[in-house]
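Structural description and commentary
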Amino acid sequence: MGFETIGELINTTLVFATALIFAALGGMFSERSGVVNIGLEGLMVSGAFAAAVATDYAAQAGMGAGSPWMGLLAAAVYGVLFSLLHAVATITFKSDQTVVGVVINILALGVAIYFTRSLYDGSAQTSQLEYVFSKVAIPFLSEIPIIGEGLFRAYPTTFIAIILVFVSFFVLFKTPFGLRLRAVGEHPSSADTVGISVAKYRYIGVMLSGALAGLGGATITLTTTSSFTHNTISGQGFIALAALIFGKWNPFGLAGAAIFFGFAQAIRNFAQLFEFSKQIPVEVFYMLPYVLTLIVLAAAVGRSNAPSALGQPYDPARR
């Protein structure tokens, strides 16, 4: 494998990892506040759908190269609105958080398919987008041998995701907001005692998960597939959830896990370059990310320190 191929492999890894980073960061804010969110898959589906439709209509309205940015905005807003269903059910009505997450996954896909068929004359797929994101290069850095092409020539969404990892770490661990969010996920009764609204911060955490997971779904639509259909996400939300757990609910940890899973997806595009891989059915490489997800989750059971109050509805009357 030559240096150029190594750079391409690094770059492809980041392409796949970007959507996972967005979604895992969203899951982190929700679960750090104490709300389990296995609905990341559904929220990514919602974002992918909203991005495709908004970008298509923005292009028809003459927005040109600005259309994908409208798609990103629409994905974040639609993700927030969809996540409100999860928040109302689990925080206000104290429904089982896992069950609600499953419902979100099913409902999001069903709604997206219904509106896709309604908007595109019965088609199960949106139109191919005329405008999507193109890769941009950072001057000088992109000219560094091997890593320059891999790390510093990427889609705008990749750079945004990397920046958000650092921003999320600062917000979560260096600001009063982050302290309060973590407090309601660890000791909600104590937080309530000192005047911190548990419901408020949990709502914010879940809504942030909707916005970020929506951006994750939009990333796939606007950089990889250029359209939305029922299998656009294909389990990426569950892989992001595994990255969140494997990364121990820490922005840098989950980013590293997302890159690991991104590499597992990227390697299938380069498998033919290895002599030994020619004897292996291609289906093995396609199922590799999902097999690794199961292995990682099995290994993480009992070893990851989840927020103490994760999954526990808070009732002020019982504090």
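Residues numbered from 1 in each chain as written. Predicted model: local features only at pLDDT ≥ 70, side-chain atom pairs only at ≥ 80, totals over all residues. Heavy atoms only, no water.

**Brief notes about the overall build of the chain**
Each helix and strand counted, the chain has 12 helices and 2 strands in total. In the chain, the succession of α and β elements from N to C terminus is α-α-α-α-β-α-β-α-α-α-α-α-α-α. Taken along its principal axes, the extent of the C-alpha atoms in the chain is 60 × 45 × 40 Å. Per-residue burial over the chain gives 51% buried out of 319 residues. Within the chain, counting contacts between residues at least 6 apart in sequence, those at least 24 apart form 78% of the total. Per element, the accessible surface of the chain, about 14,500 Å² overall, is 66% carbon and sulfur. On the chain, the mean spot of the 16 positive side-chain charges and the mean spot of the 15 negative ones are 14 Å from each other. (Helix = DSSP H or I, 4+ residues; strand = E, 2+ residues; numbered from the N terminus. Buried < 20%, exposed > 50% of the residue type's maximum accessible area, 1.4 Å probe, protein only. Contact = heavy atoms within 4.5 Å. Areas by Shrake-Rupley, 256 points an atom, 1.4 Å probe, with all protein chains shown as cover. Lys, Arg positive; Asp, Glu negative; His and termini not counted. Charge placed at Lys NZ, Arg CZ, Asp CG, Glu CD.)

**Focus: helix α3 (residues 67-92)**
Under the 1.5 Å per step criterion, the end-to-end length of α3 is 36 Å for 26 residues, consistent within 8% with the ideal 38 Å. One or two positions beyond α3, positive phi appears at K94, with a value near 55 degrees. (Expected span 1.5 Å × (residues − 1).)

**As for the environment of L297**
Along the chain, the position of L297 falls in helix α12 (residues 282-300). As a C-alpha pair, L297 and L241 span 56 residues in sequence and 9.4 Å in three-dimensional space. With sequence-adjacent residues up to four places away left out, L297 is seen in contact with A242 and I245.

**Focus: the packing of aromatic side chains**
Across all of its chains, the model carries 11 aromatic pairs by this definition. Considering the side-chain rings of Y114 and F115, the 5.2 Å spacing of their centres and the 75 degrees angle between planes classify their relative orientation as edge-to-face. The exposed category is assigned to Y114, whose relative accessible area is 53%. A ring pair is formed by F169 and F252, whose centres lie 5.0 Å apart and whose planes are at 40 degrees; its orientation type is tilted. Taken together, the residues F169 in helix α6 (residues 156-174) and F252 in helix α11 (residues 251-266) connect sequence positions 83 residues apart. Every member of this aromatic cluster is reached through a ring pair, and the members are F49, Y78, F82 and F228. (Phe/Tyr/Trp six-rings, centres within 6.5 Å; stacked < 30°, edge-to-face > 60°.)

**A few points about the pattern of salt bridges**
Under the criterion given, the structure shown has 1 salt bridge. In this structure, E149 and R153 form a salt bridge, with 3.6 Å as the shortest nitrogen-oxygen distance. On the basis of relative accessible area, E149 is assigned to the partly exposed category, the value being 38%. (Salt bridge = Lys/Arg side-chain N within 4 Å of Asp/Glu carboxyl O.)

**Focus: a nonpolar patch on the surface**
On the surface, I280, V284, M287, Y290, V291 and I295 cluster together into a nonpolar patch covering about 460 Å² of accessible area. Within the element layout of this structure, I280 appears in the loop between α11 and α12. (Patch = residues over 30% accessible without salt bridge, like charges linked within 9 Å, V, L, I, M, F, W, Y side chains within 5 Å.)

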